[in-house]
Every structure is written in C-alpha cells, then in structure tokens.
Amino acid sequence: MASIGLMISWSRHIYALAETRRIQAIAQGETAPDIKGVSNYERAELMESAHRASKVTSKERWIGRAIYFGVPAVIISVYLSKHPF
C-alpha cells in the first residue's frame, strides 16, 4: 500500500511542477505546440498536455519510471524469494 501512495504522490508532484513550469513558460511568451486534425476542445486539451509534458525533465521521467516499475518489481522479487513455488 505504501508503494501505491508513493506512486500517487509522485505523479501529483510532477503534475503540479510541470503545470507551474508551463504557466511560467506561457508568461514568458512560449506557446504550446500546434495540433491539427481534432476539434477545438480536444485541440486545447492536447496542446496543454503536450506543453506540460515538455516541461518534465528526463531525470524526473526516470525517477517516475523507477517508482512505477522498480518498486513493484522489488516487492514481487522479495515476495517470491520468501515464498518460492
């Protein structure tokens, strides 16, 4: 259960951090990437999410991957080492 809480808190932290960076970039005049071929509402949502995703650093992405895949892998490996088939 603690690993699920860790995953949720990390994703909320990164979302808030990326949103703050996105708002700062817009204030400095940066625009979101243009997306074509969808309705206006979908376009605005996709542009915001693409712009927010561009504000997450590669280090933060690797930390997120380690949390999402590494923690459950460690838990499963510890469980299997204590309870072999």
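Our structure is the block above this text.
Residues numbered from 1 in each chain as written. Predicted model: local features only at pLDDT ≥ 70, side-chain atom pairs only at ≥ 80, totals over all residues. Heavy atoms only, no water.

Visitor: Is there a simple way to think about the pattern of salt bridges in this case?
Guide: Where side chains of opposite charge bring their charged atoms close, a pairing between them can arise. Scanning all chains against the criterion turns up 5 salt bridges. Across the salt bridge formed by Arg21 and Glu60, the nearest N and O atoms sit 2.8 Å from each other. Taken together, the residues span a long stretch of sequence, with Arg21 in helix α1 (residues 2-27) and Glu60 in helix α3 (residues 58-82) at a distance of 39 residues. Residue classification places Glu60 among the buried positions, given a relative accessible area of 13%. Note that Arg52 and Glu48 form a salt bridge whose closest N and O atoms lie 3.9 Å from each other. (Salt bridge = Lys/Arg side-chain N within 4 Å of Asp/Glu carboxyl O. Helix = DSSP H or I, 4+ residues; strand = E, 2+ residues; numbered from the N terminus. Buried < 20%, exposed > 50% of the residue type's maximum accessible area, 1.4 Å probe, protein only.)

Spatial relationships are all this shows, so hold off on functional conclusions.
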